[in-house]
Amino acid sequence: MSLAEIFSKVDTNADKRVAEELNKRDAYDVLIIGSGPAGAAAAIYSARKGIRTGLMGERFGGQVLDTVDIENYISMPKTEGAKLVGSLRAHVDDYNVDVIESQSAIKLIPAASAGGLHAVETASPARY
Ligand SMILES: Cc1cc2nc3c(=O)[nH]c(=O)nc-3n(C[C@H](O)[C@H](O)[C@H](O)COP(=O)(O)OP(=O)(O)OC[C@H]3O[C@@H](n4cnc5c(N)ncnc54)[C@H](O)[C@@H]3O)c2cc1C
């Protein structure tokens, strides 16, 4: 369990406060749901093209956090889960990516008209 998850369990109003703060943010050009290795890669490639990018997930690192040993991640015959998550995070932080942690998407609301904004609702509840 991450520190952020522990805080949100101890402080029951934390999710609500986070949601209020998140509701005030500007819209993203790209909002990636899920911050495992795939989401991190998508965020890097989106942000490096100057696209306003958000990366939202329950916990940064995904399944890689659930294992000590990682083998055969191409170019790395052997590493550790926590180490790989650390380098993924450092790589993402090299770019202008808004990383939003401890949030679960529960609903996608398509734009009402062409060219409009799609919305994503989270369990907290916040709306992006
Ligand atoms: C015990 C174990 C050992 C492993 N060992 C190896 C290994 O040795 N070598 C190797 O190459 N691979 C290994 N893997 C597999 C590797 O971890 C996965 O292939 C990789 O993490 C997949 O990345 P991903 O980003 O596609 O998905 P994930 O890592 O699953 O990340 C997806 C993220 O999205 C989040 N998410 C999902 N739905 C929502 C939602 N609605 N709202 C917000 N967030 C959401 C999830 O919580 C998760 O954090 C192992 C996996 C495990 C569990």
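Bear in mind the structure is a predicted one, so any value in this text is a computation, not a measurement.

Chemist: For helix α3 (residues 37-47), give the residues involved together with the corresponding values.
Modeler: For α3, the complete set of buried residues consists of Gly39, Ala40, Ala43, Ile44, Ser46 and Ala47. Along the axis of α3, the buried residues cluster in a sector spanning 165 degrees; they form a single face. Residues Ala38 and Tyr45 are exposed on α3 and point more than 90 degrees away from its buried face. Against β1 (30-33), β2 (53-56), α4 (81-93) and β5 (97-100) lie the buried residues of α3.

Chemist: Summarise unusual backbone geometry; cite the residues concerned and give the values.
Modeler: With omega at -5 degrees, the peptide bond leading from Ser124 into Pro125 counts as cis. When you line up the elements, Pro125 lands in the segment after β7 (119-122). With phi around 65 degrees, Asn72 is a residue other than glycine that occupies positive phi space. On the secondary structure map, Asn72 appears in strand β3 (residues 69-73). Relative accessible area serves as the criterion here: at 60%, Asn72 is assigned to the exposed category. One non-glycine residue, Ser102, lies in positive phi territory at about 60 degrees. Overall, Ser102 belongs to the partly exposed group, its relative accessible area being 26%.

Chemist: Describe the pattern of salt bridges, listing the residues and the values that go with them.
Modeler: Applying the stated rule across the entire model yields nine salt bridges. The salt bridge partner of Arg59 is Asp66, with a shortest N-O separation of 2.7 Å. Here the salt bridges share partners, and the residues they tie into one network are Glu21, Arg25 and Asp98.

Parameters at a glance
- Residues numbered from 1 in each chain as written.
- Predicted model: local features only at pLDDT ≥ 70, side-chain atom pairs only at ≥ 80, totals over all residues.
- Heavy atoms only, no water.
- Buried < 20%, exposed > 50% of the residue type's maximum accessible area, 1.4 Å probe, protein only.
- Helix = DSSP H or I, 4+ residues; strand = E, 2+ residues; numbered from the N terminus.
- Arc of directions from axis to C-beta.
- Contact = heavy atoms within 4.5 Å.
- Salt bridge = Lys/Arg side-chain N within 4 Å of Asp/Glu carboxyl O.

None of the figures reported here should be taken as evidence of function without further support.
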